[in-house]
Amino acid sequence: METKQRTTLIQGSVAKGMLLFALPIFISNLFQQLYNAADSLIVGNFLGGEALAAVGSSGSLIFLLTGFVNGVSLGAGVVVARYFGAKDWDRMRRTIHTTVALGIAAGVALTVVGVILTPQILRWMGTPDSVLANSIAYFRMYFFGSIAVVMYNVGASILQSVGDSKSPMRYLIAASIINVILDLILVGWLRMGVGAAAFATIASQTVSAILAFAKLTRSKEEWAVHWNEVRFDAPSLKAVVVQGLPSGIQNSVISIANVIVQSNINSFGAQAMAGCGAYSKVEGFAFLPVTCFSMALATFVSQNVGAGQPDRVRKGMKFGTLCSVLMAEIVGVGIYTLSPWLIGAFSREPDVIAFGVQQAHTAALFYCLLAFSHCCAGILRGLGRPVVPMMVMLMIWCALRITYITITLHFIRAISVVFWAYPLTWSISSVLFAWYILHCPIPQLGGGAPAVKA
């Protein structure tokens, strides 16, 4: 049964294969978002608005330090998927073990850098003094266990690249339950502070990482991980870096832009931080169809290019993008309508709710454009062209977004200026991606390493 599930991406119905693969990713991300939201819900209701601001503003900084590693993991998954589709087992195994070695090294480096630089980065972001101590406590505890986050992403990427999206789903469900229970005990009952919320997150991620690698090491399949084979293989490392480096750079630079955006939000005070932080947790649910289909498309396209099936690539591109766009817009309409109650679940303070609702009413109806851009990026990674989404997103989501906010805030001192930066840049990137996808050739031959082009 397991083998059948792993071959549906290069055999059988395109729609059925993609949905069977994407649905577990959707459920995985749903539970991950639920336990991310649990931190803010429990902290906001038990510890107050300033503690909520410390936790709620965590996303941009955490993604700044983890985004590069996660981007490289996604790139490695595309390489593994291509070899899997081509049935090139030797290079697939060497790539998998190189990816694990890279994850271990990156996790250690991330822990050291995150723990040391957290206070300085928070000050650069303009974090208010009333929030700073809680923010440092939260982030430092998080980065003490960041190797677990990195290794789970590596393990999940390997499993998903060979068509197994169900196992990561089970592990995230287990992690979500553990996280919520620990939050309720440590924060809700024992009132141990925001550091305990971070500890709950890291403890649950550690469990999911252990489960993922237990699956990988015990497997009898060609993609099994053997610890005595974990090492850097030069050709495999080059393939992973060539495919994954653009995604890693893209994630890091976008996260730097988001940190700058967050610093502008911080300048409007702790209640703006709390309201926008609460909205970010709600917005995370809009990313569910976006993330699941962009990841599914990257794997689907890469496997079928490796198997030499361009017609399935075209069908999958159309089906996956349409599903993601429609689902994201349905979620957006729901968030737009229900935002007063959704934001109100995190805090009872009227100003906090007002800031969150304002951001939701500005961005939510444009989620279809966000989904379209991410799907195009996933398709291009699967085609071996990761440089294109990197360049588009760096130019539009970073350079243009920051320039717009900086200049406009100089003349119009309103937080709505920051909020409108997102729909504006999503729209422009969608136009550019649509043009490129229409003119992008699909590789006709199977086998071999992804050829990365600009």
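In case you missed it, the structure is sitting above this.
Presented here is a report on the structure given in the accompanying data block. For clarity, every value in this text was computed on a predicted model and none was experimentally measured. (Residues numbered from 1 in each chain as written. Predicted model: local features only at pLDDT ≥ 70, side-chain atom pairs only at ≥ 80, totals over all residues. Heavy atoms only, no water.)

Side note on the overall build of the chain
Here is step 1 of the chain: What the chain contains, in helices and strands, is 17 helices and 0 strands.
Here is step 2 of the chain: Relative to a compact globule of 454 residues, whose C-alpha radius of gyration would be 22 Å, the chain shows 21 Å and is just as compact.
Here is step 3 of the chain: Projected onto the principal axes, the alpha-carbon positions of the chain cover approximately 60 × 45 × 35 Å.
Here is step 4 of the chain: Looking at the chain as a whole, 57% of its 454 residues are labelled buried.
Here is step 5 of the chain: Put simply, of all contacts in the chain between residues at least 6 apart along the chain, 85% involve residues at least 24 apart.
Here is step 6 of the chain: Carbon and sulfur atoms provide 69% of the accessible area of the chain, an area that totals close to 17300 Å².
Here is step 7 of the chain: The averaged location of the 17 negative side-chain charges in the chain is 8 Å from the averaged location of its 29 positive side-chain charges. (Helix = DSSP H or I, 4+ residues; strand = E, 2+ residues; numbered from the N terminus. Rg over C-alpha atoms; globule rule 2.2 N^0.38 Å. Buried < 20%, exposed > 50% of the residue type's maximum accessible area, 1.4 Å probe, protein only. Contact = heavy atoms within 4.5 Å. Areas by Shrake-Rupley, 256 points an atom, 1.4 Å probe, with all protein chains shown as cover. Lys, Arg positive; Asp, Glu negative; His and termini not counted. Charge placed at Lys NZ, Arg CZ, Asp CG, Glu CD.)

Examining the layout of surface pockets
Here is step 1 of the chain: The space that makes up the largest pocket amounts to roughly 280 Å³.
Here is step 2 of the chain: As for the largest pocket, its lining consists of 13 residues, and the residues nearest its centre are Met317, Lys318, Ile379, Ile437 and Leu438.
Here is step 3 of the chain: Counting residues per element, the ones that place at least two in the lining of the largest pocket are α13 (310-344), α15 (367-382) and α17 (415-438).
Here is step 4 of the chain: Element by element, the count of residues in the lining of the largest pocket is highest for α13, at 4 residues.
Here is step 5 of the chain: Each residue belonging to the lining of the largest pocket can be placed in one class, and the counts come to 10 nonpolar, 1 polar and 2 charged. (1 Å grid on protein atoms, 1.4 Å probe; cavity = no way out; pocket = protein on both sides within 12 Å on 5 of 7 lines; lining within 4 Å. Points joined across faces, edges and corners; volume = space filled by probe spheres on them. Nonpolar A, V, L, I, M, F, W, Y, C, P; charged D, E, K, R; others polar.)

A few points about the packing of helix α7 (residues 146-161) against helix α9 (residues 194-218)
Here is step 1 of the chain: It is at 8 Å that the axes of α7 and α9 come closest, and there the two elements cross at 35°. When you trace α7 past α9, the crossing you get is left-handed. Residue-level contacts link Ser146, Ala148, Val149, Met151, Tyr152, Val154, Gly155, Ile158 and Leu159 of α7 to Ile202, Gln205, Thr206, Ser208, Ala209, Ala212, Phe213, Lys215 and Leu216 of α9.
Here is step 2 of the chain: Each residue belonging to the contact of α7 with α9 can be placed in one class, and the counts come to 12 nonpolar, 5 polar and 1 charged. (Axes fitted to C-alpha atoms, helices over the stretch in contact; angles between N-to-C directions. Left-handed = near helix turned anticlockwise from the far one by under 90°.)

Topic: the packing of aromatic side chains
Here is step 1 of the chain: What the rule picks out here adds up to 7 aromatic pairs.
Here is step 2 of the chain: Seen in terms of ring centroids, Tyr142 and Phe143 are 5.5 Å apart; in terms of plane orientation they differ by 85°. Their pairing is edge-to-face.
Here is step 3 of the chain: A residue is classified by how much of its surface remains accessible, and Phe143, at 0% relative accessible area, is buried.
Here is step 4 of the chain: A network of ring pairs unites the aromatic residues Tyr367, Tyr422 and Trp426 as a single cluster.
Here is step 5 of the chain: Cation over ring: Arg413 sits above Phe268, and NZ or CZ is 4.4 Å from the ring centre. (Phe/Tyr/Trp six-rings, centres within 6.5 Å; stacked < 30°, edge-to-face > 60°. Lys NZ or Arg CZ within 6 Å of the ring centre and 35° of its normal.)

Describing the side chain of Asn304
Here is step 1 of the chain: Its location among the elements puts Asn304 in helix α12 (residues 287-306).
Here is step 2 of the chain: The exposure class assigned to Asn304 is buried, which follows from its relative accessible area of 0%.
Here is step 3 of the chain: Within the structure, the side chain of Asn304 is placed 3.0 Å from the side chain of Arg312, a separation counted as a polar contact. (Polar contact = N/O pair within 3.5 Å; in protein donor to acceptor, adjacent residues only side chain to side chain.)

Here's the deal with the environment of Ile405
Here is step 1 of the chain: Positionally, Ile405 belongs in helix α16 (residues 387-411).
Here is step 2 of the chain: We classify Ile405 as buried; its relative accessible area is 2%.
Here is step 3 of the chain: Each C-alpha atom of the pair Ile405 and Asn264 lies 8.5 Å from the other, and the pair is 141 residues apart in sequence.
Here is step 4 of the chain: Residue contacts for Ile405: discarding those within four places in its chain leaves Val261, Asn264, Val417, Val418 and Ala421.

Observations concerning the packing of helix α8 (residues 166-189) against α9
Here is step 1 of the chain: Across the interface, α8 lies against α9 with an axial gap of 8 Å and an inter-helix angle of 155°. It follows from the interaxial angle that α8 and α9 lie roughly antiparallel. As α8 runs across α9, the sense of the crossing is right-handed. Judged by residue contacts, Ser167, Tyr171, Ala174, Ala175, Ile178, Asn179, Leu182, Asp183, Leu186 and Val187 of α8 engage Ala196, Ala197, Phe199, Ala200, Thr201, Ala203, Ser204, Val207, Ser208, Leu211, Ala212 and Lys215 from α9.
Here is step 2 of the chain: For the contact of α8 with α9, the per-class residue count stands at 15 nonpolar, 5 polar and 2 charged. (Parallel < 35°, antiparallel > 145°, perpendicular 65-115°, else oblique.)

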